[in-house]
Amino acid sequence: MSSSLNLEKNMSLLSPDQVEIAKMLLEIGQGHLFQDWPDPGVDDDLKQTFFTQVALLNSSYPGGLVSYIKTAKELLADSKAGKNPFDGFKPSVPSGEVLTLGDETFIKYEEAGVKQVQNAAFVLVAGGLGERLGYNGIKVALPMETTTGTCFLQHYIESILCLSEASYKQTQGECQRDVPFVIMTSDDTHARTLELLESNSYFGMKPTQVKLLKQEKVACLADNDARLAVDPKNKYIIQTKPHGHGDVHSLLYSSGLLREWKEAGLRWVMFFQDTNGLLFKAIPAALGVSATKEYHVNSLAVPRKAKEAIGGITKLTHADGREMVINVEYNQLDPLLRATGHPDGDVNCETGYSPYPGNINQLILELGPYIDELAKTGGVIKEFVNPKYKDATKTEFKSSTRLECMMQDYPKTLPPSARVGFTVTDPWLAYAPVKNNPEDAAKVPKGNPYHSATSGETAVYRSNSMILRKAGVKIDDPVTQVFNGQEVEIWPRIVWSPKWAVTFADVKRKVSGENSSVTQKSTLVIKGRNVLIEDLSLDGTLVIDSVDDAEVKVGGSVKNDGWAIESIDKDDTSLPEEVRIRGFKINKVDQLEKSYSEPGKYTVNL
Ligand code: UTP
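Let me begin by describing the structure that accompanies this report. Note that this is a predicted model, so its numbers are computed, not measured.

A look at the overall build of the protein
A tally of regular secondary structure across the protein gives 16 helices and 33 strands. What you see for the protein is a C-alpha radius of gyration of 26 Å, in line with the 25 Å of a compact globule of 606 residues. Its C-alpha atoms put the protein at 90 × 60 × 55 Å along the principal axes. With 606 residues in all, the protein has 53% of them scored as buried. A sequence separation of at least 24 residues applies to 71% of the contacts in the protein between residues at least 6 apart. Carbon together with sulfur atoms contributes 49% to the accessible area of the protein, which is approximately 25700 Å² in total. Side-chain charges in the protein split into 67 positive and 79 negative, and the spacing between the mean points of these groups amounts to 3 Å.

Okay, structure coming up:
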């Protein structure tokens, strides 16, 4: 029995809208979906579910399924033909700013950036499944570090609130703006993200300030003709998979938020990812670079060793005049350079790093040009397809595939006149994501970043220690230890709340005297806003908290057994998963805790 006959027999069950959808499916070569449909009276409810799903797939993709299938056919044909997407383009190093924390330029940009925060909106993409990490919860609920147990989402929200307050104070604006914060979720993360926010009173943010935009999955493709893949267990369900973080652009556009922000006078949109505990250390300076250099697109980047397994930010110029500054994956960059007159490929330059900085997928876009561009594209980002073929004939897939898109591919459609640049910061300052499970992280070749829960947490201590060092505190060198098969540097566990410092200038202001020191085994937790460190010598654990109206000057000497960082067995199921994925826990043996709950000025000589 032919598919269309099966469908015809079921027509009486369909609403006029469903009839239109059915016709559209036949026109785009999807008749196989009805192939095994029984007569009316059998599975009628499931047939309705089928149409509900197709209607959602159709409405949530810009241009609908017609457009999805058309693009899929083209991309699948290119993939089969082995077409290189960068054919005809010549790579060169784009222009950008390279910053070193604490030097004059850094401080100047940081100051300029803080001023801009009142005009910024923050967008967190947090719809990813996190398959590589394999954590059972959502990634933003993971502790960023286990000294205080602060989760990523709390840290992000508190950083935004404190930066916005600092911005307001600096600009002396008429009233402090509630800086908007958008979180892109997916079916995999939405309910749990909302629950985390609600059960923690939005970590101090006004609920009206936070908007969750849920991305939908896209239909899977079974073959090179872009025929939709059906669930093997249920012929009324089309298989779906995530479309990638590039969805954030079309969602922001269709939500109407961008226009709202423009009308409210905002100028910047800052995009960031779910598990980077360091990013906010670089945001003020990077925003300052955007404002000073008038970048429409500013990609935050880190120094990258030649051939290191992260994408390089590259300027690509085509003989036909096309030009773009874009992330080129590391496995494409080296061959592209070799094929275009650079016989050595991707090599380090005199700085010891590749001249192509490493993309960390945190972007600052200028709102006006961003809206103009999205008005042209509807927020559609150039997609790609990555089918796993059964054999070299490339005729069959091992499993169904789908189109995907990436947030950082936004500049691909920009005209050559667009101002696209990058901001590189110190390698230890801005990027330490938690993406890999312990087993995979342990297999990472020596010298390459682990991107695990172990390295994510230890990087926070390293970065804070380095910052305090730059501010004049004598910090002991780290020791090297192995946790979950990964060799990491263990610096003193220094953690502060964003209330205490959101910029290097804040840290400098709050640390004085020539004689402050922290030993390697120490832990320093600063929770209070106006805690001033002056000639403090710490060999153990000190936790200081104070109400906002108190100013506490802390000096003297603290010595106790402190908090030890102890190795644990990742397979010990009596421990929580958040601990096991790190391979260590903090054993709180002894500490000095100081808390000031009344306003006033205090000088404490410990
Ligand atoms: P990752 O590269 O970490 O991917 O995404 P992932 O999907 O979370 O994890 P794997 O690949 O399954 O291991 C980078 C950022 O983009 C978000 C993630 O939440 C993370 O912040 N993301 C990813 C989305 O918002 N949507 C997606 O469809 C994919």
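Considerations on helix H5 (residues 104–117)
Compared with an ideal rise of 1.5 Å per residue, which puts 14 residues at 20 Å, H5 spans 20 Å between its outermost C-alpha atoms and is within 8% of the ideal. Of the positions making up H5, those classed as buried are Phe-106, Tyr-109, Glu-110, Gly-113, Val-114, Gln-116 and Val-117. The buried residues of H5 occupy one face: seen down the axis, they fall within an arc of 155°. Looking at the buried side of H5, the elements it contacts are strand E2 (96–98), strand E3 (120–125), helix H6 (152–171), strand E11 (268–273), helix H10 (283–293) and helix H15 (504–510).

Looking at the environment of Pro-433
Within the fold, Pro-433 resides in the loop between strand E19 (420–424) and helix H13 (438–442). Taking the C-alpha atoms as reference points, Pro-433 and Ala-453, 20 residues apart in sequence, are found 8.0 Å from one another.

Regarding H6
Compared with an ideal rise of 1.5 Å per residue, which puts 20 residues at 28 Å, H6 spans 28 Å between its outermost C-alpha atoms and is within 8% of the ideal. Within H6 the residues assigned to the buried category are Phe-152, Leu-153, His-155, Tyr-156, Ile-157, Ser-159, Ile-160, Cys-162, Leu-163, Ser-164 and Ser-167. Against H5, E3, strand E4 (181–185), helix H7 (190–198), E11 and H10 lie the buried residues of H6. Positive backbone phi, at 50°, marks Gln-172, one or two positions downstream of H6.

The rules behind these values
- Residues numbered from 1 in each chain as written.
- Predicted model: local features only at pLDDT ≥ 70, side-chain atom pairs only at ≥ 80, totals over all residues.
- Heavy atoms only, no water.
- Helix = DSSP H or I, 4+ residues; strand = E, 2+ residues; numbered from the N terminus.
- Rg over C-alpha atoms; globule rule 2.2 N^0.38 Å.
- Buried < 20%, exposed > 50% of the residue type's maximum accessible area, 1.4 Å probe, protein only.
- Contact = heavy atoms within 4.5 Å.
- Areas by Shrake-Rupley, 256 points an atom, 1.4 Å probe, with all protein chains shown as cover.
- Lys, Arg positive; Asp, Glu negative; His and termini not counted.
- Charge placed at Lys NZ, Arg CZ, Asp CG, Glu CD.
- Expected span 1.5 Å × (residues − 1).
- Arc of directions from axis to C-beta.

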